[in-house]
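# Close look at the chain arrangement
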Amino acid sequence: MEIHCPSCKKVNVDAAACTRCGCELQALQAIAQAAMCNIALGKNTLLAGNFQDALEHAGRSWHLKHSPEAAKLAFLANVCAMNYHEALLWYSRAIKD
Ligand SMILES: [Zn+2]
C-alpha cells in the first residue's frame, strides 16, 4: 500500500517508516487499510441491494480518508436509493483530483 509521508511527502510502499526521513507510517497504514475495508464492505452491501449500509460504509471510509473510491461508492449508493441531490454532492467529491 502506498503511503505519502506526512513529513517529506515521499511515496512509501509497504514501509513501517519513511525510507527518506524515518517518519512513522504504521498509524497511517492502519487508517488507509480501514478505509479500504469499508469500501470493500460497502461494495458488497451495495451489490446485495442494501443501499443504506453501503452509504454508511462509504461515509466511514470518507471520514478515514478522503478518497475518490469512497466518494464514488457514496455516489452509487445514493443513485440506487434515488437520493439524487446527495448523489450530486458525492459526484463533485468523486471527480476532484
Ligand atoms: Zn518522509
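The notes below deal with the structure included here.

The next point concerns the overall build of the protein. Across its full length, the protein carries 4 helices and 2 strands. Mapped from its N terminus to its C terminus, the protein presents α and β elements in the order β-β-α-α-α-α. When the backbone C-alpha atoms are referred to their principal axes, the protein occupies close to 50 × 25 × 15 Å. Taken across its 97 residues, the protein has 31% of its residues classed as buried. Put simply, of all contacts in the protein between residues at least 6 apart along the chain, 30% involve residues at least 24 apart.

For the zinc ion, the protein coordination sphere consists of Cys5 (SG), Cys8 (SG), Cys18 (SG) and Cys21 (SG), at 2.3 Å. Along the chain, the residues that donate to the zinc ion are spaced as C-x2-C-x9-C-x2-C. Of the two residues, Cys8 is situated in the loop between β1 (2-4) and β2 (11-13) and Cys18 in the loop between β2 and α1 (26-47); the sequence distance between them amounts to 10 residues. Taking relative accessible area as the criterion, Cys8 reaches 22% and is therefore assigned partly exposed. By relative accessible area, Cys18 is classed as buried at 5%.

Any aromatic ring pair is given by two values, namely how distant the centres are and how the planes are angled relative to each other. Within this structure, the stated rule accounts for 2 aromatic pairs. Pairing Trp62 with Trp90 gives two aromatic rings, centres 5.3 Å apart and planes at 90°, and the pair type is edge-to-face. With Trp62 in helix α2 (residues 51-64) and Trp90 in helix α4 (residues 84-94), the pair connects residues that are 28 residues apart, well separated along the chain. Judged by relative accessible area, Trp62 falls into the buried class, the value being 13%. Look at Trp90 and you get buried, because its relative accessible area is 9%.

Criteria and cut-off values
- Residues numbered from 1 in each chain as written.
- Predicted model: local features only at pLDDT ≥ 70, side-chain atom pairs only at ≥ 80, totals over all residues.
- Heavy atoms only, no water.
- Helix = DSSP H or I, 4+ residues; strand = E, 2+ residues; numbered from the N terminus.
- Buried < 20%, exposed > 50% of the residue type's maximum accessible area, 1.4 Å probe, protein only.
- Contact = heavy atoms within 4.5 Å.
- Donors = N, O, S within 2.8 Å, 3.2 Å for Na, K, Ca; no water.
- Phe/Tyr/Trp six-rings, centres within 6.5 Å; stacked < 30°, edge-to-face > 60°.

Take it as geometry only, folks, not as evidence of what the structure does.
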